[in-house]
Amino acid sequence: MSSQLIQDTFRMNKLPHIWCPGCGHGILMRGIAQAIQNLGLDKDKVCVVSGIGCSSRAPGYMDFNTLHTTHGRALAFATGVKLARPELTVIVITGDGDASAIGGNHLIHAARRNIDITTIVFNNNIYGMTGGQYSPATPTGDLGTTAPYGNIDRPFDICNLGAAAGATYVARSTAYHVNPLIKYIQKGIENKGFSLIEGISSCPTYYGRKNKKGDSVNMLKWQKDHAVDVKRAEKLTEEQLEGKFLIGEFVSTTSPEYTEEYQKIIDRLSKER
Ligand code: SF4
Ligand code: MG
C-alpha cells in the first residue's frame, strides 16, 4: 500500500490492525480505500458502516465517517444514515456470517429497495472472530468448530442471493484478484442503487487450518487457481468448471432508487400542503 494512501485514508493512531498474520481482510480493506481514492471522493462525504466480526473491524481503521454497529445490523444503520443524509456515499463492510445469517433479512430487503448503499461482503467461509463456527457460506462437507464431522448445510451463493433480491449491481472478486476488486467497488459506488460486491477472503487461522488449506500464500494461490471469470466460463464445459467458482460482474442494471423515491413523496406532500 502506498504510504500516501495510508496517510490519506487510515487512522494512523489505530494501526497496526489486530487481524492475524496472512488474513485476507487487509487486502480487501485496502481495495476499498483505493477505490474511494480513485473516485476522488471527499472523505467527509463518505460513511463506512460495519456490523460485528473480523471484517467489521475495518471501519475502525479507516479515516471516514464510520460506524461499528451490532451483529448483522450494519445495513439497518446504513439505511438510516442514507435516508437522513442521502448526499453521503454510504458503504457497508460485513462478513459472510454477519451479512447472510444474522443480517440476512437486512441484506435482502436493502437489495429489494434498491437503496443507494454499496455493500462489500468479506467472505472467508467461516465465523472467524468467534472461533471458526460454520457460516451460511461454508461449503458442504467442510469443517468448522460447530461442524467437526463436516458441514451438512448447503451454502448460500451470496451474489445470487443479492441478485435475486433485486440488487442493481452485483460482482465478485477475491483477495488475490485485487485490481478487478477495486474496479467493481468503484462501479458499485457509482451505481445509483444497491450494490453488492463479494470479496473472497482468506482466514488461515480457522477456516484454513481446520480444512487443511495451507498457509495464507497457499490460500491466495487457491483463489488464483479456482476463480474463473464469468465471461470466460461461458466458453467452458461443465467438466472444465468442476470445482471452480465464478468471479466478475453478474448484474449491472438500473431501477428507481429508494431515497429518491422517498424524496419525491416528501416533495409532493409539501406542495399539497
Ligand atoms: Fe482473519 Fe481469520 Fe484471524 Fe479473523 S480469525 S483476523 S478472519 S485470519
Ligand atoms: Mg466470515
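Residues numbered from 1 in each chain as written. Chains lettered and ligands numbered in written order. Predicted model: local features only at pLDDT ≥ 70, side-chain atom pairs only at ≥ 80, totals over all residues.

The name given to the protein chain in an unreviewed UniProt entry is 2-oxoacid:ferredoxin oxidoreductase subunit beta, and the organism recorded there is Anaeromicrobium sediminis.

### Regarding the pairing of strand β8 (residues 245-252)
We apply this condition: Any two strands with at least two DSSP bridges between them are considered paired. Strands are runs of DSSP state E lasting at least 2 residues, helices are runs of H or I lasting at least 4, and numbering of each runs from the N terminus.
Bridging between strand β5 (residues 169-174) and β8 involves four bridges; their strand directions are antiparallel. Bridging from a neighbouring strand, A171 pairs with E249 of β8. Where strand β7 (residues 227-229) meets β8, three bridges bridge the pair, whose relative direction is parallel. What sits directly across from V228, in β8, is L246.

### Some remarks on the site of ligand 1
Note the cut-off: Using the backbone to place each C-beta atom, any residue with that atom within 6 Å of a molecule or strand is considered near it. Residues are grouped as follows: Ala, Val, Leu, Ile, Met, Phe, Trp, Tyr, Cys and Pro are nonpolar; Asp, Glu, Lys and Arg are charged; every other residue, Gly included, is polar.
Around ligand 1 lies a shell formed by W19, C20, C23, H25, C54, N124, G128, M129, C203, P204, T205 and Y206. The greatest single-element share of the shell around ligand 1, amounting to three residues, is contributed by helix α9 (residues 204-210). Taken together, the residues of the shell around ligand 1 sort by class into eight nonpolar, four polar and no charged.

### Considerations on the nonpolar core
Put simply, the rule is: Think of a nonpolar core as buried Ala, Val, Leu, Ile, Met, Phe, Trp, Tyr and Cys residues, each tied to the set through C-beta atoms within 7 Å. For the exposure call, what matters is how many other C-beta atoms sit within 10 Å of a residue's own: 20 or more marks it buried, 12 or fewer exposed, and in between partly exposed, using C-beta atoms placed from the backbone. A residue pair is marked as a contact if its C-beta atoms, positioned from the backbone, fall within 7 Å.
Counting 55 residues, the largest nonpolar core has I32, I120 and I185 as the members making the most contacts within it. Take this core: its biggest share by element is six residues, from helix α2 (residues 25-38). Not counting the four nearest positions on each side in its chain, I185 is found in contact with G31, I32, A35, T118, I120 and I197. With nine residues, the next largest nonpolar core counts C54, Y127, C203 and Y207 among its residues.

### Structural notes on the sheet that holds β5
The strands making up a sheet are joined through hydrogen bonds of the backbone, oriented either antiparallel or parallel. Note the following rule: Under this scheme, a helix contributes an axis fitted over its contacting stretch, all axes are lines through C-alpha atoms, and angles between N-to-C directions fall in the 0 to 180 degree range.
If you walk across this open sheet you meet the eight strands as β2-β1-β3-β4-β6-β5-β8-β7, and the pairing is mixed. Two strands lie at the open edges of the sheet, namely β2 (65-68) and β7, each paired on one side alone. Averaged over all pairs of adjacent strands, the angle between their axes in this sheet comes to 20°, without regard to strand direction. Inspection of the sheet shows strand β1 (residues 46-50) paired to strand β3 (residues 89-95) by five bridges, in the parallel sense. What sits directly across from V48, in β3, is I91.

### Considering the environment of L88
Mapped onto the elements of the fold, L88 is located in the loop between α4 (74-84) and β3. Residue L88 is classed as buried on the basis of its 20 C-beta neighbours within 10 Å. As for L88 and A111, which are separated by 23 residues in sequence, their C-alpha atoms are 18 Å apart. Contact partners of L88, with chain neighbours within four places excluded, come to K45, V46, C47, V81 and K82.

### Describing the confidence of the model for the protein chain
Applied cut-off: Residue-level confidence of the predictor is summarised by pLDDT, bounded by 0 at the bottom and 100 at the top.
Predicted confidence across the protein chain gives a mean pLDDT of 96, with 99% of residues reaching 70 or more. Of the two predicted TM-score estimates for the complex, the pTM is 0.97 and the ipTM is 0.97.

### Considerations on the packing of α4 against helix α6 (residues 104-113)
Between α4 and α6, the shortest axis-to-axis distance is 8 Å and the interhelical angle comes to 35°. Seen from α4, the contacting residues are L75, A76 and T79; seen from α6, they are H106, L107 and A110.

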